[in-house]
Each structure stands twice: as C-alpha cells, then as structure tokens.
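Listed below are the residues making up each chain.
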Amino acid sequence: MDIDLALEHFRQNHRAVLATRRRDGRPQLSPVVHAVGNDGRILISTRTGAIKARNIGRDPRVSICAVSDAFFGKWVQVDGEATIITLPAAMPLLRFYYHQVSGEHPDWDEYERDMVLQSRVIIAVQPESAGPDVAG
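So, a few notes on the structure that sits alongside this text. Bear in mind that the values here come from a model prediction, so they are computed numbers and not experimental data. (Residues numbered from 1 in each chain as written. Predicted model: local features only at pLDDT ≥ 70, side-chain atom pairs only at ≥ 80, totals over all residues. Heavy atoms only, no water.)

Of note, S45 is situated in strand β3 (residues 42–47). Overall, the relative accessible area of 14% leaves S45 in the buried class. Contact partners of S45, with chain neighbours within four places excluded, come to L94, Y97, R120, V121 and I122. (Helix = DSSP H or I, 4+ residues; strand = E, 2+ residues; numbered from the N terminus. Buried < 20%, exposed > 50% of the residue type's maximum accessible area, 1.4 Å probe, protein only. Contact = heavy atoms within 4.5 Å.)

Let us look at the sheet that holds strand β5 (residues 75–85). If you walk around this closed barrel you meet the six strands as β1-β2-β3-β6-β5-β4, and the pairing is antiparallel. Sheet twist, expressed as the average angle between the axes of neighbouring strands with direction ignored, equals 40°. Where β5 meets strand β6 (residues 120–131), nine bridges bridge the pair, whose relative direction is antiparallel. Each residue of the ladder has a partner; that of A82, found in β6, is V125. Sitting on the sheet, helix α2 (residues 51–58) is in contact with β1 (15–21), β2 (27–36), β3, β4 (61–67), β5 and β6, with an inclination near 45° to β1. Each of β2, β3, β5 and β6 is contacted by helix α3 (residues 91–102), which is oriented at about 80° to β2, the strand it contacts most. (Pairing = 2+ DSSP bridges. Axes fitted to C-alpha atoms, helices over the stretch in contact; angles between N-to-C directions.)

This is the structure:
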C-alpha cells in the first residue's frame, strides 16, 4: 500500500494500537490516539515514563494499526521507526496533536501547563511501509 494512502486513513481515523518491543522481544500493545503531522510522521502523545516510550528508547522499530471508530471495517498498519521528542521541543507538536484530534482548546496556556506537569512527550513515527493491500 502506498504510504500517502495509508496516511490519509490515519488522518481520518485517530484510534489505533501501537506495537513496541519489550526487552525480551515480545510485542507490547498500547491503544493510542494519534494525529498525522504536516511532515507525514504519525504523532502520539504520552508520558515520559510510559512503557511504550521506554520500549522505543531501547528499540525504535514500531507498528501502528489505525482502525475506524466502528472498529470493524477498514484498517491500515504502518511500520516505521519512532523517535521520542521531549519538552520543550515537543510543545508545538503537542498543540498540533491536540488541535488535529480534538479541535481548538479553550485555554492553550492551561494546556501547556498541564503538558509540563504530566511530563508529556511526543512519539513521532516515520512511516517506512504500509498495508494491507487487500481485505480479507
């Protein structure tokens, strides 16, 4: 599947399951909400100490499967490498992420304070491949 086509599905469907690798190599699956950045990276907000962030720190290879709100129906998986972007560099991406997923925030100053208090980071996934090309 063409990555641009996959990203269009991700732009329209914000619910997904992120697969990272545990220390022993087994998958760690996490339900997430995501946005797609203007540069084509898939963006996920999480806390600094979250398991998924720690796993990515050890092994940046990830897979993410976006599903529709109805769950059943079209789904798309993207495989790629993830990077962790910490504050303060993460703040513009956290704002972008919120706006893409939830719209306008009623108080951006409060939002930014909350992101700092929660030690939020952005996981940015650079897509390398996507699928499926057939349904079944």
